[in-house]
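# Chain and residue survey
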Amino acid sequence: MTRKKKRRMAGKTKFILKAIFQPWKHPELYEAYRTSGVGTLVFFLLAGLALAFSLTSLVQAACGHFPAVPVILPLGLENYFFWQALLLIPWVMASWLVASLAARGMLGLLAKNQVSFKTVLIWHGLSFSVFLFWLWLPHLLTAVLYLLGMSQKEWVDLLSSPGWFQTLYLVFLVLAVGSGWLALTASLVKRKWTRNLVSIMVASLSYLLWLVLVLVLLR
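Quick summary incoming for the structure in this document.

Thresholds applied
- Residues numbered from 1 in each chain as written.
- Predicted model: local features only at pLDDT ≥ 70, side-chain atom pairs only at ≥ 80, totals over all residues.
- Heavy atoms only, no water.
- Helix = DSSP H or I, 4+ residues; strand = E, 2+ residues; numbered from the N terminus.
- Rg over C-alpha atoms; globule rule 2.2 N^0.38 Å.
- Contact = heavy atoms within 4.5 Å.
- Areas by Shrake-Rupley, 256 points an atom, 1.4 Å probe, with all protein chains shown as cover.
- Lys, Arg positive; Asp, Glu negative; His and termini not counted.
- Charge placed at Lys NZ, Arg CZ, Asp CG, Glu CD.
- Core = buried A, V, L, I, M, F, W, Y, C linked by side-chain atoms within 4.5 Å.
- Buried < 20%, exposed > 50% of the residue type's maximum accessible area, 1.4 Å probe, protein only.
- Expected span 1.5 Å × (residues − 1).
- Salt bridge = Lys/Arg side-chain N within 4 Å of Asp/Glu carboxyl O.
- 1 Å grid on protein atoms, 1.4 Å probe; cavity = no way out; pocket = protein on both sides within 12 Å on 5 of 7 lines; lining within 4 Å.
- Points joined across faces, edges and corners; volume = space filled by probe spheres on them.
- Nonpolar A, V, L, I, M, F, W, Y, C, P; charged D, E, K, R; others polar.
- Axes fitted to C-alpha atoms, helices over the stretch in contact; angles between N-to-C directions.
- Parallel < 35°, antiparallel > 145°, perpendicular 65-115°, else oblique.
- Left-handed = near helix turned anticlockwise from the far one by under 90°.

### Overview of the overall build of the protein
On a plain count of helices and strands, the protein comes out with 8 helices and 0 strands. Secondary structure elements in the protein, listed N-terminal to C-terminal, are α-α-α-α-α-α-α-α. A compact globule built from 219 residues should have a C-alpha radius of gyration of about 17 Å, and the protein, at 19 Å, falls within 12% of that. For the protein, the spread of C-alpha atoms along the three principal axes comes to 55 × 45 × 30 Å. A fraction of 76% describes how many contacts in the protein between residues 6 or more apart in sequence connect residues 24 or more apart. Approximately 11600 Å² of the protein is accessible, and the part contributed by carbon and sulfur atoms is 71%. On the protein, the mean spot of the 20 positive side-chain charges and the mean spot of the 5 negative ones are 23 Å from each other.

### Points about the nonpolar core
Counting 56 residues, the largest nonpolar core has Phe131 and Trp210 as the members making the most contacts within it. Of all elements in the fold, only helix H1 (3-21), helix H2 (26-32), helix H3 (38-62), helix H4 (80-110), helix H5 (117-147), helix H7 (164-191) and helix H8 (196-217) reach the threshold of two or more residues within this core. Here this core gets 13 residues from one element, more than from any other, and that element is H5. In this view, Trp210 contacts Val92, Ser95, Trp96, Ala99, Phe128, Phe131 and Leu132; residues no more than four positions away in its chain are not counted. Counting 6 residues, the second largest nonpolar core, distinct from the first, contains Leu145, Met150, Phe165 and Tyr169.

### A look at H3
Relative to the 36 Å expected for 25 residues at 1.5 Å per residue, H3 spans 36 Å between its end C-alpha atoms, a close match to the ideal helical length. Following H3 by one or two positions, Gly64 adopts a phi angle in the positive range, close to 80 degrees.

### Side note on the pattern of salt bridges
The full count for this structure, using the stated rule, is 3 salt bridges. Of the charged contacts in the structure, one is a salt bridge between Glu28 and Lys190, with a shortest N-O distance of 3.7 Å. Taken as a pair, Glu28 in helix H2 and Lys190 in helix H7 lie far apart in primary sequence, 162 residues in all. When its relative accessible area of 42% is taken as the criterion, Glu28 is described as partly exposed. Of the charged contacts in the structure, one is a salt bridge between Asp157 and Lys153, with a shortest N-O distance of 2.9 Å. Residue Asp157 and its partner Lys153 are located together in helix H6 (residues 152-160), separated by 4 residues, close to a single helical turn. What makes Asp157 partly exposed here is its relative accessible area of 36%.

### Some words on the layout of surface pockets
Quantified by volume, the largest pocket comes out at close to 580 Å³. The wall of the largest pocket is formed by 22 residues, among which Leu135, Trp155, Leu159, Tyr169 and Arg219 lie closest to the centre. Mapped onto the lining of the largest pocket, the elements with two or more residues apiece are H3, H5, H6 and H7. In the lining of the largest pocket, the residues fall into 16 nonpolar, 5 polar and 1 charged.

### Let's talk about unusual backbone geometry
The backbone of Lys192 shows a phi angle near 60 degrees, a positive value even though the residue is not glycine. Assignment of secondary structure puts Lys192 in the loop between H7 and H8. Looking at Lys192, the relative accessible area reads 55%, which means it is exposed.

### Comments concerning the packing of H7 against H8
Relative to each other, H7 and H8 sit at 140 degrees, their axes nearing to 9 Å. Relative to H8, the element H7 lies oblique. Considering the relative orientation of H7 and H8, their crossing is right-handed. Here H7 contributes Ala176, Val177, Gly180, Trp181, Leu184, Thr185, Leu188 and Val189 to the contact with H8, which in turn contributes Asn196, Ser199, Ile200, Val202, Ala203, Ser204, Ser206, Tyr207 and Leu211. Its residues assigned to classes, the contact of H7 with H8 comprises 11 nonpolar, 6 polar and no charged.

In structure tokens:
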């Protein structure tokens with residue numbers, strides 16, 4: 001590998017780490033990588049996280065796991081995780097686009113200055129990547145436990161009983177939802193397209209739309 005390729009790879013790794021672990025700096029990250037294909041980086045970051053979910057879904061499908069909560073889509077429980085793995089990448093990308101379009105529409109009506117759809121799309125993608133990463137960790141833990149021989153009943157009993165396992169799952173869930181929302185809200189507020197209260201409202205509504213769309217499929 002040439003020195004130039006190594007620098008490029010290091011730059012992409014740095015971008016990913018900052019995007020996930022420093023969500024309050026998304027506007028600064030956007031500006032730093034603005035001339036380095038930031039839109040493409042965000043696209044592949046989201047697609048990569050969706051692929052990670054697909055892989056852990058395939059593990060759960062192979063181990064005979066089925067959703068422990070009610071499903072919305074008309075997919076059989078026995079093969080649900082297989083279909084989830086198959087559909088997740090296009091589903092995530094489409095949900096990202098829909099939520100970003102909704103936010104752009106609201107900002108277009110409420111903002112005093114011209115709103116860049118590219119910026120809205122990238123900031124939504126960054127915040128959604130934070131959500132997906134933290135939500136994927138318990139999904140990965142579940143897949144690992146199944147590979148180690150845990151049964152569906154043992155997993156449900158462990159998750160249902162108060163203790164370290166249930167607490168860890170709740171922490172990851174709260175961290176996923178909370179950090180993603182805070183990242184998006186901070187980005188829109190810092191951009192100052194409109195008043196802070198309006199930016200918070202737009203971020204909250206578009207983020208809620210994203211959650212609804214993604215959680216229709218994700219189990």
